[in-house]
Amino acid sequence: MSNFHIRKVAVLGAGVMGAQIAAHLTNAGVKAILFDLAAKEGPKNGIVTKAIDGMLKLSPDPFAAKSKAALITPANYDENLEWLKGCDLIIEAISERMDWKKSLYEKVAPFMRADAIFASNTSGLSITELSKVFPEALRHRFCGVHFFNPPRYMKLVELIPTAATEPAVMDLLESFLTTTVGKGVIRANDTPNFVANRIGVFSIAATMHHTQAFKLAFDEVDALTGPAIGRAKSATFRTADVVGLDTLAHTFKTMDDNLPNDPWHKFYAVPPYLKAMIEKGVLGQKTKAGFFTKKGKDILTLDLAKQDYVPGTGKVADEVAAMLKIKNPAEQFAALRASSHPQAQFLWSIFRDVFHYIAVHLGSVADSARDIDFAIRWGFGWKMGPFETWQAAGWEQVAKWISEDIAAGKTMAKEPLPAWVTDGRKGVHSAEGSYSAKSGKMVPRSSLAVYQRQLFPELLLGEKGEKGATVFETDAVRMWTAKGFDDVAIVSFKTKMHAISPDVLEGLGQVIDKAEAGYKALVIWQPDGPYAVGADLKNALGALQAGQFDQFESMVARFQATSQRIKYSMIPVVSAVDGMALGGGCEFQMHSDRVVATLESYIGLVEAGVGLLPAGGGLKEMALRAALAANGGDLMPYLQNSFKRAAMGEVSTSALNAKEMGHMRWRDIIVFHRDELLYVALTTARAMAEASYRPPLAPTAFPVAGNTGIATLKMMLINMKEGGFISEHDYEVSSRIAECLCGGEVEPGSMVNEDWMLMLERKNFVALAKTEKTQQRIEFMLKNGKPLRN
């Protein structure tokens with residue numbers, strides 16, 4: 001299938017999942033046609049257009065930019081089935097009814113191209129059974145492709161073949177979903193609920209069972225099963241509310257109906273209290289009541305005994321919290337198992353029963369332990385997969401404890417552990433691969449070419465990864481190279497959240513000198529995100545409170561000089577951005593020759609939040625970009641947007657949105673899989689160098705809006721201040737931002753250079769920093785992690 005490309009995709013079903021899959025495909029630049037039933041009244045495509053309009057109101061936003069919504073083509077089954085002939089991939093995402101799906105397949109099959117791929121987004125129905133509707137030839141190009149909700153943000157996609165699915169189809173889809181759509185793909189066996197939901201839903205079932213057994217409250221369990229044990233903040237019962245209690249019950253029923261001989265079968269039955277809630281229409285977040293409800297600002301918890309909501313009081317007991325702080329996993333698990341505290345016994349029980357379950361079912365649900373651990377990490381938000389957790393806690397000892405509990409009748413099922421568990425192994429993950437119960441061997445990672453783009457892929461416990469070759473290192477920065485790219489230097493910051501401290505500025509200057517002397521290009525990349533959260537405020541506040549204003553101004557000047565050094569280096573400097581690039585981090589990437597950013601990059605000039613203004617060249621760059629965009633015309637339409645964003649401290653909602661805001665340029669590159677970011681940045685930097693790179697020539701002068709522009713922007717502020725929307729100090733900060741953006745109190749159209757603009761930034765930044773209210777804002781941010789409006 002080397003000549004087959006997925007250019008256009010049809011999504012069948014404009015419900016929650018179908019619509020958002022189509023939205024994310026458009027994010028990725030894939031043409032999407034969204035089908036649903038023809039509306040009985042009004043325009044035939046009314047159901048689809050309503051779904052698209054509804055997505056524009058959702059939070060988190062399915063679209064990386066609102067403009068993407070217009071790129072989805074609405075369609076209906078009555079009028080537009082002929083359009084399917086132009087589609088390379090068709091994804092079905094209608095309700096989880098086998099009969100409905102089969103009926104739709106019969107309807108669309110005559111309109112499919114012979115070489116098109118058809119995939120069902122079912123969350124757990126048999127892919128093999130669904131395939132039987134198609135003619136024999138089409139069955140070879142049919143499989144399951146299970147996205148998780150919400151599709152833009154959830155990394156996991158499960159690919160499920162049938163015995164008839166062509167291997168080349170699976171390889172092509174895996175490559176497309178990985179690099180184009182940005183997903184973490186695992187291949188699942190065609191068993192009920194596949195991998196993530198099979199294990200994840202069992203974990204929820206076990207948690208519900210032991211919640212009752214140990215007589216714990218729902219909010220108490222959520223306090224225990226969230227970040228306290230390395231899982232998602234929504235924990236267990238809050239997750240159930242978000243998913244929908246009826247949806248959760250459906251996944252239980254799928255397992256209950258289709259796994260009659262499973263040793264844990266009786267636990268797949270929907271608990272009576274959950275069934276009663278659903279019958280009453282209490283379905284979780286969508287009905288504003290589930291295990292939790294909100295009353296005013298208070299979150300109330302369902303009390304089953306009282307059949308009413310009560311104020312939440314659940315928390316982790318001090319004794320148990322102390323156990324969870326034990327850093328050695330083996331010691332932590334030993335403490336939990338030995339404790340008589342109900343919370344500790346509860347935690348041991350839910351871990352034990354999940355370990356027991358995955359050991360017994362590994363061979364039937366997945367190719368290897370790797371697939372199970374990544375499925376749970378990516379699909380349920382656990383920091384470590386269940387096999388990893390077991391291995392970290394001491395494989396042999398935990399296996400012994402599980403066997404003892406099975407013998408004592410404490411486990412949810414009496415099934416013994418498989419023989420492979422106790423064959424002397426120390427775990428299921430190692431440098432040579434992950435254990436496959438099917439083959440009885442350790443199997444390596446996929447050899448698909450797409451994974452060669454992941455120079456530093458996400459690792460599991462026990463795996464070994466490359467660290468690169470260090471060239472130069474200080475306490476603040478590391479300069480190094482990656483295998484296969486010895487001619488391109490990489491620099492990474494070592495500060496917390498990659499804050500830009502004076503030591504980072506000094507080290508980065510040294511790195512650029514060394515890169516210019518011996519390398520073709522330089523890439524700024526952080527192995528563990530974010531890109532950079534801005535200046536080191538703690539260091540800055542110390543200098544201010546000590547009255548060391550000259551030292552403070554010198555630090556600002558050094559910051560500006562470093563930004564200019566990035567911009568005018570003799571070699572291309574590429575910023576590889578992932579996650580937050582705020583304040584000075586935003587300014588560094590603005591000065592880079594090229595930015596390569598992941599879609600989920602959140603970029604902004606946020607200094608106003610601490611009573612300061614961007615002074616690392618950010619406002620200078622915005623003014624220069626406005627001058628270039630105006631091309632001799634009116635500057636104000638461009639400056640007004642830049643002013644609003646800097647004054648309000650706006651942060652982009654994606655890399656694409658950052659382009660719309662002007663924080664990235666349209667020529668900058670967006671990648672969808674974060675593990676491919678460094679590869680793309682390095683190849684981009686190398687290509688720029690190979691094209692005989694020369695740094696940009698500094699503009700001798702460019703036009704600014706001057707005093708008239710300042711007055712125009714201040715009028716906006718006066719109205720906001722009089723309306724009570726901003727404080728006096730907000731007005732002061734924003735007025736100085738206006739002065740910097742407009743080039744100071746000069747005549748409109750005056751020609752200035754970069755040095756002049758940097759001087760304005762520096763002067764106004766230091767003036768604000770000397771004020772008591774700005775220092776209060778900085779101190780408040782450092783203490784509380786949120787801005788103070790004073």
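A brief look at the structure comes next.

**Quick word on unusual backbone geometry**
Omega for the peptide link from serine 59 to proline 60 comes to 0°, which places this bond in the cis form. Within the secondary structure, proline 60 sits in the loop between helix H2 (46–55) and strand E3 (73–76). Each neighbour pair has its own omega, and for glycine 529 with proline 530 the value is 0°, a cis peptide bond. Checked against the element boundaries, proline 530 lands in the loop between strand E18 (521–524) and helix H19 (537–545). The backbone of glutamine 307 sits at a positive phi, close to 55°, despite the residue not being glycine. Tracing the sequence through the fold places glutamine 307 in the loop between strand E10 (298–303) and strand E11 (308–311). The phi torsion at asparagine 631 lies on the positive side, around 50°, for a residue other than glycine. Looking at the element boundaries, asparagine 631 is found in the loop between helix H22 (618–630) and helix H23 (636–648).

**Regarding the packing of helix H20 (residues 549–568) against helix H21 (residues 584–591)**
Relative orientation of the contacting elements H20 and H21 amounts to 30°, with a least axis distance of 8 Å. In terms of axis orientation, H20 runs roughly parallel to H21. In this structure, H20 uses Phe559, Thr562, Ser563, Gln564, Ile566 and Lys567 to contact H21, whose residues at the interface are Gly584, Glu587, Phe588 and His591. Here the contact of H20 with H21 is composed, by residue class, of three nonpolar, five polar and two charged.

**Topic: empty space enclosed by the protein**
Applying the stated criterion across every chain, the model contains one cavity of 30 Å³ or more. A volume near 30 Å³ is recorded for the largest cavity. What lines the largest cavity is Ile500, Ser501, Pro502, Leu505, Ala535, Asp536, Met555 and Phe559. Breaking the lining of the largest cavity down by element, the ones donating at least two residues are helix H18 (502–518) and H20. The residue makeup of the lining of the largest cavity, split by class, is six nonpolar, one polar and one charged.

Scoring rules and cut-offs
- Residues numbered from 1 in each chain as written.
- Predicted model: local features only at pLDDT ≥ 70, side-chain atom pairs only at ≥ 80, totals over all residues.
- Heavy atoms only, no water.
- Helix = DSSP H or I, 4+ residues; strand = E, 2+ residues; numbered from the N terminus.
- Axes fitted to C-alpha atoms, helices over the stretch in contact; angles between N-to-C directions.
- Parallel < 35°, antiparallel > 145°, perpendicular 65-115°, else oblique.
- Contact = heavy atoms within 4.5 Å.
- Nonpolar A, V, L, I, M, F, W, Y, C, P; charged D, E, K, R; others polar.
- 1 Å grid on protein atoms, 1.4 Å probe; cavity = no way out; pocket = protein on both sides within 12 Å on 5 of 7 lines; lining within 4 Å.
- Points joined across faces, edges and corners; volume = space filled by probe spheres on them.

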